[in-house]
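Summary of structural features
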Amino acid sequence: MNDDVEVISEEEESAQRPPSRSELAVATEVLPDTLIILPLSDRPFFPPQTLPIVLDAEPWLDSMRRVGDTAHHLAGLVMGDRNENKHHDPDDFAEVGTAVRVHEPMQHGGQLQFVAEGIKRYRIIEWLSREPPYAARVEYLDDDERASKDEMRAYGMAIINTIKELLPLNPLYSEELKFFLNRFRPTDSSPLTDFAATLTTASRDELQDVLETTNLRRRMEKVLQLLKKEVEVARVQTEIREQVEEKVSRQQREFFLREQLKAIQQELGIAKDDKTAELDRFRERLEGLEVPQPVEERIAEEMNKLSVLEAGSPEYGVTRNYLDSLTSLPWGVYTKDRVDLKRARGILDRDHDGLGDVKDRIIEFLAVGVLKGTVAGSILLLVGPPGVGKTSIGHSIADALGRKFYRFSVGGMRDEAEIKGHRRTYIGAMPGKVVQSLKETQTSNPVIMLDEVDKIGASFQGDPASALLEVLDPEQNDNFLDHYLDVRYDLSKVLFICTANQLDTIPKALLDRMETIRLSGYITAEKLDIAKHHLWPRQLERVGLKRSQLKITDAAIRRVIEGYAREAGVRGLEKQLGRIVRKAVVRLVDSRGKAKAKATSVSERDITDYLGQPVFQKEEAMYGVGVITGLAWTPMGGATLNIEAARVHSKNRAFKLTGQLGDVMRESAEIAYSYVASHLEGFGGKQTFFDDAFIHLHVPEGATPKDGPSAGITMASALLSLALGRRPRRSMAMTGEVTLTGKVLPVGGIREKVIAARRSGIKQLILPKANESDYNELPDYLKAGLTVNFAAHYRDVAALVFG
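Just so it is clear, the model here is predicted, and its values are computed rather than measured.

With 13 residues, helix 8 (residues 274–286) should cover 18 Å at 1.5 Å per step; its first-to-last C-alpha distance of 19 Å lies within 8% of that length. Residues of helix 8 that are buried include every one of K275, E278, L279, D280, F282 and L286, and no others. On its buried side, helix 8 packs onto helix 9 (293–308) and helix 10 (314–328). One or two positions beyond helix 8, positive phi appears at G288, with a value near 85 degrees.

So, on to the packing of helix 9 against helix 10. At a closest axis distance of 10 Å, the pairing of helix 9 and helix 10 adopts a crossing angle of 150 degrees. With respect to each other, helix 9 and helix 10 are oriented roughly antiparallel. The handedness of the crossing between helix 9 and helix 10 comes out as left-handed. Here R298, I299, E302, M303, K305 and L306 of helix 9 lie close against helix 10, whose contacting residues are E315, Y316, T319, R320, Y322, L323 and L326. Here the contact of helix 9 with helix 10 is built from residues that sort into seven nonpolar, one polar and five charged.

Our focus in this paragraph is the sheet that holds strand 13 (residues 515–518). Pairing in this open sheet of five strands is parallel, and the strands run 8-9-12-7-13 from one edge to the other. For this open sheet the edge positions go to strand 8 (405–409) and strand 13, each flanked by a neighbour on one side alone. Put simply, the sheet's adjacent strands are angled 20 degrees from each other on average, direction ignored. Relative to strand 13, strand 7 (residues 379–383) runs parallel, the two sharing four bridges. The partner of L380 across the bridge, within strand 13, is E515.

For the rest of this paragraph, the subject is the environment of V318. Along the polypeptide, V318 turns up in helix 10. Remark: the alpha-carbon pair of V318 and G428, spanning 110 residues in sequence, is separated by 9.1 Å.

Moving on to the packing of aromatic side chains. The geometry of an aromatic ring pair is captured by two quantities: the separation of the ring centres and the angle between the planes. In the structure shown here, the tally under the stated rule is 15 aromatic pairs. Seen from their ring centres, F93 and W127 are 5.7 Å apart, and the 55 degrees between their planes marks the pair as tilted. With F93 in the loop between strand 3 (74–79) and strand 4 (96–108) and W127 in strand 5 (residues 111–129), the pair connects residues that are 34 residues apart, well separated along the chain. Their ring planes at 75 degrees and their centres at 6.1 Å tell us that W127 and Y134 sit as a pair that is edge-to-face. The structure contains a cluster of three or more aromatic residues connected by ring pairs, namely W60, F93, W127 and Y134. Just above the ring of Y322 sits the side chain of R424; from NZ or CZ to the centre is 3.7 Å. For K783, the ring lying beneath its charged end belongs to Y775, and the centroid distance is 5.8 Å.

What counts and how
- Each chain has its residues counted from 1, running along the sequence as written.
- Local features in this predicted model are restricted to residues whose pLDDT is 70 or higher, and side-chain atom pairs enter the listing and the counts only when it is 80 or higher, whereas totals over whole chains, interfaces and linings include all residues.
- As a convention, hydrogens and water are excluded, and side-chain values are obtained from all of the structure's heavy atoms.
- Helix and strand assignments follow DSSP, with helices taken as H or I runs no shorter than four residues and strands as E runs no shorter than two, numbered in order from the N terminus.
- How far a helix is expected to stretch is found by multiplying one less than its residue total by 1.5 Å.
- Exposed residues in this analysis have more than 50% of their type's maximum accessible area, buried residues have under 20%, and partly exposed residues fall in between, with area computed by a 1.4 Å probe over protein chains only.
- Here, residues are in contact when the closest pair of their heavy atoms is within 4.5 Å.
- Axis definition: a line fitted to C-alpha atoms, limited for helices to the stretch in contact. Angles are taken between N-to-C directions and run from 0 to 180 degrees.
- Angle categories are assigned with fixed cut-offs, so that under 35 degrees is roughly parallel, over 145 is roughly antiparallel, 65 to 115 is roughly perpendicular, and the rest are oblique.
- Crossing handedness: left-handed means the near helix sits turned counterclockwise from the far one by under a right angle, and right-handed means the same turn made clockwise.
- Here the nonpolar group is Ala, Val, Leu, Ile, Met, Phe, Trp, Tyr, Cys and Pro; Asp, Glu, Lys and Arg are the charged ones; every other residue, Gly included, is treated as polar.
- Two strands make a pair as long as DSSP finds a minimum of two bridges between them.
- Aromatic pairs are defined between Phe, Tyr and Trp rings, using the six-membered ring for Trp, whenever the two ring centres lie within 6.5 Å; interplanar angles under 30 degrees are classed as stacked, those over 60 as edge-to-face, and all others as tilted.
- For a lysine, the NZ atom is tested; for an arginine, the CZ atom; a charge sits over a ring if that atom is within 6 Å of the ring centre and within 35 degrees of the ring normal.

Structure representation (structure tokens):
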């Protein structure tokens, strides 16, 4: 104990102890009018209480010394604010507190502890010291007992009865009641009321209000209300506890009964333990499967390991999951192909409008399968813009063959374990996507579609594109090794179909393993048929309308195609039709959801009301000196490209290019400029035209990046038109790469460029001579009404453009 705090022995305490409560005739004659004030933060202290009090030693050690120096050992406990920084302001203290006698003070560590014996209420009249140790002059408060004795007795009995209700609900209250009865009689109304207040869990403000109430009858009313509230809270707590205990006991009882039943069943041979049941389940899965010999040996080895492992062992879970994956695969299970070319053609025609050349390629592919007896050994790659139906064609192929279909996307995939699985040494290891597809389809020859193969990534975790080389190689995938399974699996009967938007980003080694089929996009007539037969009925079905309730004319669909959905695919067209259907539904029903009209139709003049102003204006070929229309390919399909050339001034020779041109296109422009400048006299122009001319070549639109060599003859024609001062003879479009010697080289994307020309209403085309075979392969409906000239040298182009 700290020497600074006075310790009073039992003899001294008995000699100095003031008279007991029964001996106090007039309390104010004994109690001092000045007290050392100690603040409390949680609950006020009531006169009947005797409790240990704990305070921080740092701010209150001097105060306790002052109390110990007095003969009466009295201090004043009062409610203060909840201040955690150990600094208190007397203005925040309550006016009414309780005078207590301090017993057995001691210091332990950084805390002071003493037993406080409540004596009497007091009110602070004047602060004598506003800094620790706090001191104040006080007056002691007597109870106001102006009510009748019968009324006081009635309130006392009500409080006692409420305490009796509270005791069974919380056994802790019984000990406090025994301590109270050792010091007071139940008929003492004031101590009884204060004691009852201490039993409640009321807030500090409510208890302080009780402490400050000197009118005994009003104080008993307030305490009785707090007791009633405490009884209700205790009852609710008891009900919750009983419900929880009942639930827990019921679960425990069911658990013990279940364990006893399991033990009895095992003794009688009726049931098996979990480990035996798992092993039997794995064996049942393998019945009827043609499991290769090495795999059978591996499974038997793992089952023996599982049988000796404890169920709580980490290795048990790893081995069990491994066996679950091995036994879930369709070893030797194949779906019989229904290779009927007529039926396959019917399914393709049913699911897709247009794409005649693509359907022919697919039928050719299936015909080879008819001849061989099975469709396997090759991988299809469907390349085309978004929304042209690549994924749905994969569904149709699987339907035509009668095989299961599984699709997963490899776009953005950066971990080769997604393809070939994780090694079993890793936590959470699992097989790759290919094995998961076999497990889900439960056949060894499904149709597996790998979407977005051109957007596959690479990282420090490996290169998924390289992992696909083994999967997609018919010469290797008959012994495919998944890292998780660690056994060989035959994928040679699987038909893999990949999709991509472009070929440039696909690794060359991977591209060599695939047979490419191009889906170039749809013309307006094809989009019209697709909208009528597929998109519009699908939108009506989504909103729950019948075809008779909402109709749309062909002219309206054509207006949507040309003004709002001009991309190569039909995804944008479907979105616009969906907007029309939703707005039409608003017109068909009222605010309560009841029908206002039985049916409505959408005509061409209604499209602007439904969709707003058109997004695309009609493309028209520009016509003038130095202006030539070209044809370009983009990942979204074909497009027309107007190229402009102008002579800015004649002060110096220069050549300026604008329009966000890529490196290849800039080189193509410079080649065209050099060729025209060096051969201008041969085309009837002045050889000195470019000697002092500042030439500006622009390719609209400036915000769109452009690249590629196919605009070479277009740029050369624009520069030649400017030098000759002559406009082209007719509205035409062209594409082709030009060399410094004037040779016209072939380019790609002929189908897309022809579609773009038809969309713009251009009937005269100039294509490279080497692309004539590509043009001849186009379907007749694309070539109808077009006049196409093929040029092997730029002289042929100039003759067609300028005569």
